[in-house]
Amino acid sequence: MDELEMIRRKKMLELMKKMGMVEVKPKKPRVVIEVITSPTCPYCPIAVQMAQEIARRYPGVIVKELSVATPEGRRKAMEHNILGTPTILMNDRVEFIGVPPFIEFERKVKEKLSSA
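Residues numbered from 1 in each chain as written. Predicted model: local features only at pLDDT ≥ 70, side-chain atom pairs only at ≥ 80, totals over all residues. Heavy atoms only, no water.

Peer 1: Can you explain the pairing of strand β1 (residues 31–37)? Please cite residues and give values.
Peer 2: Most of β1 is tucked away, with seven of its seven residues classed as buried. For the crossover that starts at β1, traverses helix α2 (residues 44–57) and ends in the parallel strand β2 (residues 61–67), the hand is right-handed. In this sheet, strand β3 (residues 87–90) lies alongside β1 in antiparallel orientation, the contact comprising four bridges. Residue pairing for β3: Glu34 is matched across the bridge by Leu89. (Buried < 20%, exposed > 50% of the residue type's maximum accessible area, 1.4 Å probe, protein only. Helix = DSSP H or I, 4+ residues; strand = E, 2+ residues; numbered from the N terminus. Right-handed = clockwise from strand over helix to strand, strands pointing away. Pairing = 2+ DSSP bridges.)

Peer 1: Can you tell me about the environment of Met21, naming the residues and giving the values?
Peer 2: Along the chain, Met21 falls in the loop between α1 (3–19) and β1. The spacing of Met21 and Arg107 is 86 residues in sequence and 40 Å in space, taken between C-alpha atoms.

Peer 1: Would you mind going over α2 in detail, with residue names and values included?
Peer 2: For α2, built from 14 residues, the straight-helix expectation of 20 Å at 1.5 Å per residue is met to within 8% by its first-to-last C-alpha distance of 20 Å. Looking at the buried residues of α2, the elements they touch are β1, β2, β3 and α4 (102–115). (Expected span 1.5 Å × (residues − 1). Contact = heavy atoms within 4.5 Å.)

Peer 1: Tell me about the pairing of strand β4 (residues 93–97), and name the residues and values.
Peer 2: Here β3 runs beside β4; their pairing, made up of four bridges, is antiparallel. Residue pairing in the sheet places Thr87 in a bridge with Ile97 of β4. Taken together, β3 and the strand that follows it, β4, pair antiparallel across an intervening segment of two residues, in which Asn91 is found at a positive phi of about 50°.

Peer 1: Please give an account of the pattern of salt bridges that cites residues and values.
Peer 2: Tallied over the full model, the rule gives 15 salt bridges. Glu95 is paired through a salt bridge with Lys112; the nearest N and O atoms lie 3.0 Å apart. Here Glu95, found in strand β4, pairs with Lys112, found in helix α4; they are 17 residues apart in sequence, far enough to count as distant. A single burial state applies to Glu95 and to Lys112, both of which are buried. Put simply, Glu111 and Lys108 hold a salt bridge, and the shortest N to O gap is 3.8 Å. Residue Glu111 and its partner Lys108 are both found in helix α4; the two are separated by three residues, about one turn of the helix. The class of Glu111 is partly exposed, set by a relative accessible area of 37%. (Salt bridge = Lys/Arg side-chain N within 4 Å of Asp/Glu carboxyl O.)

Here it is, written out as structure tokens:
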């Protein structure tokens, strides 16, 4: 197959994706940030906003907020022995308890992305 034919096929595939004729599978996130929060915690919204800002800056990062007021949040807190909020997990591992400095948070995410 010559170079021109490869370019034609690539363009045709792009057009088919745009038209919905070919299903595009979303890429799996490489870093999942879970912020364990409490409804009465004054610092939790700050931690969630920081996580969302990092997710906006780096593709492959998604953020989930889990409140200890929900069954799923309580289960996750018990599973990881979390006693304080906010607690930030990355790829199901506790990384920060409390609100970390943004630079430190970002550094940890970059580290996870490069190793994933």
